Amino acid sequence: MDWILANTGRIAELTLDHAALSLPAVLAAFLLSVPLAVLANRLRPLREPIVSGTGLLYAVPSLPLFIVLPIILGTGIRDPLNAVAALTLFGMALMVRSAAEALDAVSAEVRLAAAAQGYSSWGRFWTVDLPLAGPAMLAGLRVVSVSTISLATVSAVLGVPSLGSLFTDGFQRGIMESVLAGVVMTVVMALILDLLLVLSGRLLMPWARRRA
Amino acid sequence: MGIEFRHVEKTYPDGAQAVRDISFTVPSHTTTVLLGSSGCGKTTLLRMVNRMVDPTGGQLLIDGEDIAGAEPVRLRRSIGYVMQHSGLLPHRRVIDNVATGLRLNGAARGPARSQAEELLELVGLDPALGRRYPDQLSGGQQQRVGVARGLAGDPNILLMDEPFGAVDPLVRLELQQQMKRLQTELRKTVLLVTHDIEEALSLGDQIILLRPGGEIAQAGTAQELLSAPADDFVARFLGVAQGRRRLRTSAGQDGEWVVTDAEGRPLGVVEAPPGPVHPRADPSGSVPPEDGR
Ligand SMILES: Nc1ncnc2c1ncn2[C@@H]1O[C@H](COP(=O)(O)OP(=O)(O)O)[C@@H](O)[C@H]1O
Ligand SMILES: [Mg+2]
């Protein structure tokens, strides 16, 4: 306990570092996945390559990826950007499939009715397809957010500071409180982001509550 | 004038020939019913009118103009469409569902909403229901909303695909009666699809009976179909052949006329005694015939 009280400044700093890695990655994964999912949903022949292809990203072991990325991106080995990029890719591996399935699940009858009302193809996408796929996409995004926040701890191994640094330091120097603080803060951050996602879902999709 | 189908054909890309050489006209301000069992091409024909389906042969004219040249989105905005499971947008309040077409045609939100409220009243719904989401309404109420949405923007043409097919029989009867009342008032050019013979007889000024394979078996008024079925198929489909639509009258105890079906089951009493003409089935529905299916 003493250790934690004596190190609140460092814990807070690493928490911010951790958020700075994982939040942009979650956002980027979402923003990149949705257009890919739309493509997969609209162009049937592309569906399997896109969905399975991005899904395979998850099979790439994370450590080598962290090492290969600097070479591809031309960044320094300790650049936090590597971690953000790697986390984005892992997020996409989950999110593309989830978003594509969400779009596939939009009721064909409702889409047909909308077309018959005279929605243009794009008008219908923005006002019908996307909102109706929203709840299922949100469910996928929640998984991505939790998994990204947890995965971001790995960056510490590469010397990119995050809550994972509390694990590495703690193990090296035999400070259990440090490891514990890392675990607790990671879980807390994941829970907070999840809560925020659920709340914004309620706000943006008030109609979905009773249906879920 | 009205909607004219000229030698219309449709073969879907998978090779299924849904309709072949269909010609008929839906006269303006009247109701034409496409009647037939499932799979005989009714929906296909209906959707050609707003270019949800394009024919692979023949022509379709609205008020004399071939719609092949019409822009589909614009065409759809000028035609009302009502379908079986209402097809309401689940994420929009009822009022906004009704206002959708008005908004697509450029109306501002405020006027569109107040017009939508009037439409809800027109179809017999409390405008206060407008604040709800579609899944907070009963099936019958949802269908009414569907009709209100179809009428939004006062289109000349109303397409209805089994609009009352998914509600229970009592509600269906109510909705059909309301549709009749509305139609005497609004006089839209209506093309309505159903597999329900009673519905066709009660709502159709003209009935186009389709046979499997997507051909017209017979076209005419209810009276014409019932009294002079073109062939065996028509007679059997309408239940004329089995005598199910033959009604008899006989004198009751107090001198009133009792109507019975072919098996002698009493159906009702005639209010004005029949004249010297031999009484026969009245297709206009003043004596409700037994369920003919
Ligand atoms: N999009 C489609 N692709 C291929 N075949 C279709 C399609 N829509 C309808 N059909 C076929 O066309 C025939 C007529 O269908 P439809 O017009 O829906 O009939 P109905 O409305 O009378 O039940 C059926 O055999 C059906 O399987
Ligand atoms: Mg049909």
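Residues numbered from 1 in each chain as written. Chains lettered and ligands numbered in written order. Predicted model: local features only at pLDDT ≥ 70, side-chain atom pairs only at ≥ 80, totals over all residues. Heavy atoms only, no water.

1. Observations concerning the overall build of chain A
Thought 1: Regarding its fold elements, chain A presents 9 helices and 0 strands.
Thought 2: Put simply, chain A runs from its N terminus to its C terminus through helices and strands in the order α-α-α-α-α-α-α-α-α.
Thought 3: Along the longest, intermediate and shortest principal axes, the C-alpha atoms of chain A span 65 × 40 × 20 Å.
Thought 4: Counting only residues that meet the buried cut, chain A has 47% of its 212 residues in that class.
Thought 5: Carbon and sulfur atoms make up 72% of the accessible area of chain A, which amounts to about 10,400 Å² in all.
Thought 6: Within chain A, the 12 negative side-chain charges are centred at a point lying 11 Å from the centre of the 14 positive side-chain charges. (Helix = DSSP H or I, 4+ residues; strand = E, 2+ residues; numbered from the N terminus. Buried < 20%, exposed > 50% of the residue type's maximum accessible area, 1.4 Å probe, protein only. Areas by Shrake-Rupley, 256 points an atom, 1.4 Å probe, with all protein chains shown as cover. Lys, Arg positive; Asp, Glu negative; His and termini not counted. Charge placed at Lys NZ, Arg CZ, Asp CG, Glu CD.)

2. As for a negative patch on the surface
Thought 1: Judged by side-chain charge, E117, E118, E121 and D126 of chain B come together as a negatively charged surface patch.
Thought 2: Tracing the backbone shows D126 of chain B in the loop between α4 (109–122) and α5 (139–151). (Patch = residues over 30% accessible without salt bridge, like charges linked within 9 Å, V, L, I, M, F, W, Y side chains within 5 Å. Salt bridge = Lys/Arg side-chain N within 4 Å of Asp/Glu carboxyl O.)

3. Structural notes on the UniProt feature "transmembrane region" (unreviewed entry) in chain A
Residues and elements named next belong to chain A.
Thought 1: Taken from the UniProt record, the annotation "transmembrane region" (unreviewed entry) applies to residues 20–43, 55–77, 143–167 and 179–204.
Thought 2: Along residues 55–77, the helical share is 61% and the strand share 0%, with 26 Å between the first and last C-alpha atoms.
Thought 3: Between the end C-alpha atoms of residues 143–167 the distance is 23 Å, and the span holds 52% helix and 0% strand. (UniProt positions renumbered as here; feature names shortened; annotations may be inferred.)

4. Some remarks on the pattern of salt bridges
Residues and elements named next belong to chain A.
Thought 1: Using the criterion set out here, one finds 14 salt bridges over all chains in the structure.
Thought 2: The salt bridge partner of R97 is E101, with a shortest N-O separation of 3.7 Å. Of the two residues, R97 and E101 both sit in helix α5 (residues 80–104), 4 residues apart, roughly one turn of that helix.
Thought 3: Here D129 ties to R111 by a salt bridge, and the two come within 3.1 Å at their closest N and O atoms. Taken together, the positions of D129 in helix α7 (residues 121–151) and R111 in helix α6 (residues 108–117) put the pair 18 residues apart, joining distant regions of the chain.
Thought 4: According to the relative accessible area criterion, R111 is partly exposed, its value standing at 22%.
Thought 5: One continuous salt-bridge network, built from bridges that share partners, spans R44, R47 and D104.

5. Here's the deal with the interface of chain A and chain B
Interface size, as often reported, equals the accessible area lost upon joining of the parts.
Thought 1: On the side of chain B, 21 residues touch chain A, which itself brings 19 residues to the contact.
Thought 2: Across the chain A to chain B interface the summed buried area is about 1,900 Å²; carbon plus sulfur atoms make up 62%.
Thought 3: The largest per-residue losses of area from chain A upon contact with chain B belong to A116, Q117 and Y119 of chain A, which jointly make up 30% of the total buried on that side.
Thought 4: Applying the counting criterion to the chain A and chain B interface returns 0 salt bridges.
Thought 5: Where chain A packs against chain B, one counts 2 residue pairs in polar contact (both at pLDDT 80 or more).
Thought 6: In terms of residues, the side of chain A that touches chain B owes the most to one element, α6 of chain A, which gives 8 residues.
Thought 7: Within the side of chain A that touches chain B, the residues separate by chemical class into 12 nonpolar, 4 polar and 3 charged. (Contact = heavy atoms within 4.5 Å. Buried area = accessible area lost by both parts, 1.4 Å probe. Polar contact = N/O pair within 3.5 Å; in protein donor to acceptor, adjacent residues only side chain to side chain. Nonpolar A, V, L, I, M, F, W, Y, C, P; charged D, E, K, R; others polar.)

6. Describing the packing of aromatic side chains
Thought 1: Here the structure, examined in full by the defined rule, presents 5 aromatic pairs over all chains.
Thought 2: Between F125 of chain A and W126 of chain A, the aromatic rings sit 5.1 Å apart at their centres with planes inclined by 75 degrees, giving edge-to-face as the arrangement.
Thought 3: Pairing F5 of chain B with F24 of chain B gives two aromatic rings, centres 4.3 Å apart and planes at 15 degrees, and the pair type is stacked. Taken together, the residues F5 of chain B in strand β1 (residues 3–11) and F24 of chain B in strand β2 (residues 17–26) connect sequence positions 19 residues apart. We note that F5 of chain B, like F24 of chain B, is buried.
Thought 4: Pairwise contacts between aromatic rings join W122, F125 and W126 of chain A into one cluster.
Thought 5: One residue, R42 of chain A, lies across the ring of W122 of chain A, its end atom 5.4 Å from the ring centre. (Phe/Tyr/Trp six-rings, centres within 6.5 Å; stacked < 30°, edge-to-face > 60°. Lys NZ or Arg CZ within 6 Å of the ring centre and 35° of its normal.)

7. Points about the site of ligand 1
Residues and elements named next belong to chain B.
Thought 1: Taken together, the residues surrounding ligand 1 are Y12, D14, A18, S37, S38, G39, C40, G41, K42, T43 and T44.
Thought 2: Within the backbone of K42, an N or O atom sits 2.9 Å from an oxygen atom of ligand 1.
Thought 3: Contact between ligand 1 and T44: an oxygen atom at 2.5 Å from a side-chain N or O atom of the residue.
Thought 4: Within the complex, the protein chains bury 61% of what would otherwise be the 560 Å² of accessible surface of ligand 1.
Thought 5: In terms of residue count, the dominant contributor to the shell around ligand 1 is helix α1 (residues 42–49) (3 residues).
Thought 6: Each residue belonging to the shell around ligand 1 can be placed in one class, and the counts come to 3 nonpolar, 6 polar and 2 charged. (Near = heavy atom within 4 Å.)

8. A look at the nonpolar core
Soluble globular proteins: nonpolar side chains tend toward being buried together.
Thought 1: Counting 46 residues, the largest nonpolar core has M160 and L238 of chain B as the members making the most contacts within it.
Thought 2: A per-element tally of this core places helix α3 (residues 94–104) of chain B first, with 5 residues.
Thought 3: The contact partners of L238 of chain B, leaving out residues within four places of it in the chain, are L35, I197, L225, L226 and R245 of chain B.
Thought 4: The next biggest cluster of nonpolar side chains, apart from the first, holds 34 residues, and it includes V51, A100, V110 and V128 of chain A. (Core = buried A, V, L, I, M, F, W, Y, C linked by side-chain atoms within 4.5 Å.)

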